[in-house]
Amino acid sequence: MMHTTVGWHVELEFQEDDQETRSVALVRLPDGSEVRAHGHATRHHTDSNQPRVGEEIAGARALNELAMQLLTKAHGEIDQASGRTSHPIHV
């Protein structure tokens with residue numbers, strides 16, 4: 001049986017205007033470090049103004065970048081602990 005010993009909370013914030021949505025994703029890790037990533041979406045001038053869609057795209061891009069940073073961080077920690085270069089971690 002698995003037990004949850006730690007939880008992460010990811011924060012997403014958005015800034016929007018009529019054409020652009022920018023997002024920031026932040027996760028605070030149990031070791032006290034923070035990982036932050038950014039996302040962006042631009043509305044095509046012929047598209048209707050749908051702020052939620054911009055948030056979804058910008059948020060997804062920020063979360064994708066956050067995931068890549070976490071993989072890179074984990075990969076570095078594996079290498080440091082093992083004293084060797086490990087195989088890349090792929091998504």
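On a predicted model such as this, the values are computed, not experimentally measured, just so you know.

Rules behind the numbers
- Residues numbered from 1 in each chain as written.
- Predicted model: local features only at pLDDT ≥ 70, side-chain atom pairs only at ≥ 80, totals over all residues.
- Heavy atoms only, no water.
- Helix = DSSP H or I, 4+ residues; strand = E, 2+ residues; numbered from the N terminus.
- Buried < 20%, exposed > 50% of the residue type's maximum accessible area, 1.4 Å probe, protein only.
- Contact = heavy atoms within 4.5 Å.
- Expected span 1.5 Å × (residues − 1).
- Core = buried A, V, L, I, M, F, W, Y, C linked by side-chain atoms within 4.5 Å.

With that out of the way, let us pick up the side chain of His75. Tracing the chain through its elements places His75 in helix H1 (residues 51-82). A relative accessible area of 19% places His75 in the buried class. Apart from residues lying up to four places away in sequence, His75 is in contact with Ser86, His87, Pro88 and Ile89.

Next up on the list: H1. Residues spaced three or four apart along an α-helix face the same direction, because each turn holds 3.6 residues. Across its 32 residues, H1 extends 46 Å between first and last C-alpha, which sits within 8% of the 46 Å expected from 1.5 Å per residue. Residues of H1 that are buried include every one of Gly54, Ala58, Gly59, Ala62, Leu66, Leu70, His75 and Asp79, and no others. Those residues of H1 that are buried lie in contact with strand E1 (10-16), strand E2 (20-28) and strand E3 (34-42). One or two residues past the end of H1 sits Gly83, with phi positive at roughly 75°.

A few words on the nonpolar core. The biggest cluster of nonpolar side chains holds 8 residues, and these are Ala25, Val27, Leu29, Val35, Ala37, Ala62, Leu66 and Leu70. If one sorts the elements of this core by residue count, H1 sits on top with 3 residues. Setting aside its immediate chain neighbours within four residues, Leu70 contacts Trp8, Val27, Leu29 and Val35.

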